[in-house]
Amino acid sequence: MSKKGYWMAMIDVRDPELYKRYIEANAAAFAKYGAKFAVRAGRHENPERPTGNRHVLVEFESFDKAVECYHSPEYQHASQFRLAASSGHFVIVEGA
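Criteria and thresholds
Residues numbered from 1 in each chain as written. Predicted model: local features only at pLDDT ≥ 70, side-chain atom pairs only at ≥ 80, totals over all residues. Heavy atoms only, no water. 1 Å grid on protein atoms, 1.4 Å probe; cavity = no way out; pocket = protein on both sides within 12 Å on 5 of 7 lines; lining within 4 Å. Points joined across faces, edges and corners; volume = space filled by probe spheres on them. Helix = DSSP H or I, 4+ residues; strand = E, 2+ residues; numbered from the N terminus. Patch = residues over 30% accessible without salt bridge, like charges linked within 9 Å, V, L, I, M, F, W, Y side chains within 5 Å. Areas by Shrake-Rupley, 256 points an atom, 1.4 Å probe, with all protein chains shown as cover. Salt bridge = Lys/Arg side-chain N within 4 Å of Asp/Glu carboxyl O. Lys, Arg positive; Asp, Glu negative; His and termini not counted. Charge placed at Lys NZ, Arg CZ, Asp CG, Glu CD. Buried < 20%, exposed > 50% of the residue type's maximum accessible area, 1.4 Å probe, protein only. Pairing = 2+ DSSP bridges. Axes fitted to C-alpha atoms, helices over the stretch in contact; angles between N-to-C directions. Contact = heavy atoms within 4.5 Å.

**Brief notes about empty space enclosed by the protein**
Right, so step 1: Under the definition given, this model contains 1 cavity of 30 Å³ or more.
Right, so step 2: Considered as a void within the structure, the largest cavity measures approximately 130 Å³ in volume.
Right, so step 3: Taken together, 16 residues line the largest cavity, and the ones lying closest to its centre are Tyr-19, Tyr-22, Phe-37, Val-56 and Val-58.
Right, so step 4: Of all elements in the fold, only β1 (5-13), α1 (16-32), β2 (36-40) and β3 (54-60) reach the threshold of two or more residues within the lining of the largest cavity.
Right, so step 5: Among the elements that make up the lining of the largest cavity, the one with the highest residue count is α1 (5 residues).

**Re unusual backbone geometry**
Right, so step 1: We note that Ala-41 has phi near 70 degrees; this positive angle belongs to a residue other than glycine.
Right, so step 2: Structurally, Ala-41 is set in the loop between β2 and β3.

**Focus on a negative patch on the surface**
Right, so step 1: Where like charges cluster on the molecular surface, the negative patch consists of Glu-61, Asp-64, Glu-68 and Glu-94.
Right, so step 2: Take Asp-64: its relative accessible area is 51%, and that puts it in the exposed class.

**Description of the sheet that holds β1**
The strands making up a sheet associate through hydrogen bonds between their backbones, and the pairing can be parallel or antiparallel.
Right, so step 1: What the 4 strands build is an open sheet, ordered β2-β3-β1-β4; its pairing is antiparallel. The open sheet has two free edges, formed respectively by β2 and β4 (86-94), since each of these has just one partner strand. Strand-to-strand twist in this sheet, taken as the mean axis angle between neighbours without regard to direction, amounts to 15 degrees.
Right, so step 2: Sheet topology places β1 next to β4; 9 bridges connect them, and they run antiparallel. Paired with Tyr-6 across the strands is Val-93, a residue of β4.
Right, so step 3: Sheet strands in contact with helix α2 (residues 63-71) are β1, β3 and β4, and its direction is about 145 degrees off that of β4.

See below:
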């Protein structure tokens, strides 16, 4: 049984209108790869230092699926909007 894969992102959105296009565009990739949102924005607290104004944790059935989704044509199209509208930290990790 393979371990789950996760996308973890701490993002600072500079252009909310353009970021909305990213959210609309990423739906195709997330549906295709079975992504599930554990965290998608919501309330947060920065007890040590700023971490951005949007936080996301996306779960996939495996690490390999998480990597495949990132490199898919569908997500690469969507990511152009994210990169233009925001900056931050993004990582793909294998679960425990």
